[in-house]
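Spelled out, the chains give:
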Amino acid sequence: MRVKTEARREALLAAAKAVFEEVGFEQATMSDIAARMGGSKATLYRYFDSKESLLMELVNRSARDHGGEVISLFRHRDGPVTSSLPAEASEALNLLDPDEDVRVTLQKFGERFLNNFHTPQKLVAKRMMYAAAANNPELGRLLYANGPGMGMKLLERYFESLMESGKLLQADPRVVAAHFRALYESEVNERGMLHIETELSNEQIVAVVERAVDVFMRAYGPAPV
């Protein structure tokens, strides 16, 4: 009986990642992945029972802080909220201090987010997840719940804290969080996903976020006394 090895498992994951990036999740087959690794489908199935399970492992890895540590993400009056979101997401969310200036905080957050996530590598992963979810709604729900959905809930709590202290107008925190994210992604997300502009200069990022924050504060900033 052949013994499973960590080295073989890592090689299979690397092969799957390469195939997914080259041909897309839907077009990829277990045969393609086995061939890329230089082994047989039988070997591949000993480690992973489907290409969906391969994708989930790759996604879960990207959603861990390079070691699975539980990390503090968000300063809240009730104490820190913790989760195993990606390190890149934690860096951005950790900037959301409800006691600091709102406009300055949102500018820093947006800049950090675009710097960390509007990259060729992150856009490839995003395209793979969208393709995987297209014909598998349950997988899509799982991917969202274990990634963007977690970050959005923390963003909602931040805005809720600002509303409680009168720094923002009263509104549904879920809608407010969705509007803010849409604003800083609106100029760049589609162009990135369609391979038109997969990298942004620091000057571009600063300007994009400044415009997003300005529109956001016009909509949700406190009414003048």
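For the structure, see preceding data.
Everything in this summary refers to the structure shown in the same document. Model, not experiment: these values are computed from the prediction.

So, how was this worked out
- Residues numbered from 1 in each chain as written.
- Predicted model: local features only at pLDDT ≥ 70, side-chain atom pairs only at ≥ 80, totals over all residues.
- Heavy atoms only, no water.
- Helix = DSSP H or I, 4+ residues; strand = E, 2+ residues; numbered from the N terminus.
- Buried < 20%, exposed > 50% of the residue type's maximum accessible area, 1.4 Å probe, protein only.
- Contact = heavy atoms within 4.5 Å.
- Polar contact = N/O pair within 3.5 Å; in protein donor to acceptor, adjacent residues only side chain to side chain.
- Salt bridge = Lys/Arg side-chain N within 4 Å of Asp/Glu carboxyl O.
- Core = buried A, V, L, I, M, F, W, Y, C linked by side-chain atoms within 4.5 Å.
- Phe/Tyr/Trp six-rings, centres within 6.5 Å; stacked < 30°, edge-to-face > 60°.
- Axes fitted to C-alpha atoms, helices over the stretch in contact; angles between N-to-C directions.
- Parallel < 35°, antiparallel > 145°, perpendicular 65-115°, else oblique.
- Left-handed = near helix turned anticlockwise from the far one by under 90°.
- Nonpolar A, V, L, I, M, F, W, Y, C, P; charged D, E, K, R; others polar.
- Expected span 1.5 Å × (residues − 1).
- Arc of directions from axis to C-beta.

Before going further, it helps to spend a moment on the environment of Phe 20. Counting through the fold element by element, Phe 20 comes out in helix H1 (residues 6-23). The class of Phe 20 is buried, set by a relative accessible area of 1%. Considered as a pair, Phe 20 and Arg 127 are 107 residues apart in the sequence and their alpha carbons are 9.7 Å apart. Look past the residues within four positions of Phe 20 in its chain and what remains in contact with it is Phe 25, Ala 28, Ile 33, Lys 51, Leu 54, Leu 55, Leu 58 and Met 128.

Relative to the helices and strands, Arg 127 is located in helix H7 (residues 120-134). Within the structure, the side chain of Arg 127 is placed 2.8 Å from the backbone oxygen of Met 193, a separation counted as a polar contact. Contacts of Arg 127, omitting those with residues within four sequence positions, involve Gly 192, Met 193, His 195 and Thr 198.

Turning next to unusual backbone geometry. Its identity is not glycine, yet His 195 carries a phi of approximately 65°, on the positive side. Positionally, His 195 belongs in the loop between helix H11 (189-193) and helix H12 (202-220). The exposure class of His 195 is exposed, given its relative accessible area of 56%.

To continue, consider the pattern of salt bridges. A side chain of one charge can pair with a side chain of the opposite charge if their charged atoms are brought near each other. In the structure shown here, the tally under the stated rule is seven salt bridges. Arg 9 serves as the salt-bridge partner of Glu 57, at 3.8 Å between the closest nitrogen and oxygen. Here Arg 9 lies in helix H1 and Glu 57 lies in helix H4 (residues 51-62), a separation of 48 residues in the sequence. The exposure class assigned to Glu 57 is buried, which follows from its relative accessible area of 16%. A salt bridge links Arg 211 to Glu 187, with the nearest nitrogen and oxygen atoms 2.9 Å apart.

Turning next to the nonpolar core. Core analysis: the largest hydrophobic core is formed by 29 residues, its most contacted members being Leu 106, Phe 109, Leu 155, Phe 159, Leu 168, Phe 180 and Phe 216. Per-element tally for this core: the top contributor is H12, with eight residues. The residues contacting Phe 216, other than those within four sequence positions of it, are Leu 106, Phe 159, Leu 168, Val 176, Phe 180, Leu 183 and Gly 221.

What follows deals with the packing of aromatic side chains. Taken as a whole, this structure holds 11 aromatic pairs when the rule is applied. Ring geometry for Phe 159 and Phe 216: centres 5.2 Å apart, planes at 35°, overall tilted. Here Phe 159 is found in helix H9 (residues 148-164), whereas its partner Phe 216 is found in helix H12, with 57 residues between them in sequence. In this pair, the class of Phe 159 matches that of Phe 216, namely buried. In this structure an aromatic cluster arises from ring pairing among Phe 109, Phe 113, Phe 117, Tyr 158, Phe 159, Phe 180, Tyr 184, Phe 216 and Tyr 220.

Okay, the environment of Met 37 next. Mapping Met 37 onto the fold places it in helix H2 (residues 30-37). Measuring from C-alpha to C-alpha, the distance between Met 37 and Arg 8 comes to 9.1 Å, with 29 residues separating the pair along the chain. Aside from chain neighbours lying at most four places away, what touches Met 37 is Arg 8, Ala 11, Leu 12 and Ala 15.

With that out of the way, let us pick up the packing of helix H6 (residues 102-117) against helix H10 (residues 173-185). The interhelical angle for the contact between H6 and H10, taken along N-to-C directions, is 60°, at an axis separation of 11 Å. As far as their axial angle goes, H10 and H6 are oblique. Once H6 is placed against H10, the crossing between them reads as right-handed. Across the interface between the two elements, Leu 106, Phe 109, Phe 113 and Leu 114 of H6 pack against Phe 180, Tyr 184 and Glu 185 of H10. Partitioned by chemical class, the residues of the contact of H6 with H10 number six nonpolar, no polar and one charged.

Glancing now at H10. For H10, built from 13 residues, the straight-helix expectation of 18 Å at 1.5 Å per residue is met to within 8% by its first-to-last C-alpha distance of 18 Å. Within the span of H10, buried status applies to Pro 173, Val 176, Ala 177, Phe 180, Tyr 184 and Glu 185. Within H10, the buried residues cover an arc of 160° as seen down the axis, which keeps them to one side. Where H10 is buried, its residues touch H6, H7, H9, H11 and H12. Sitting at the amino-terminal end of H10 is Asp 172, which places a side-chain oxygen 2.9 Å from the backbone nitrogen of Arg 174.

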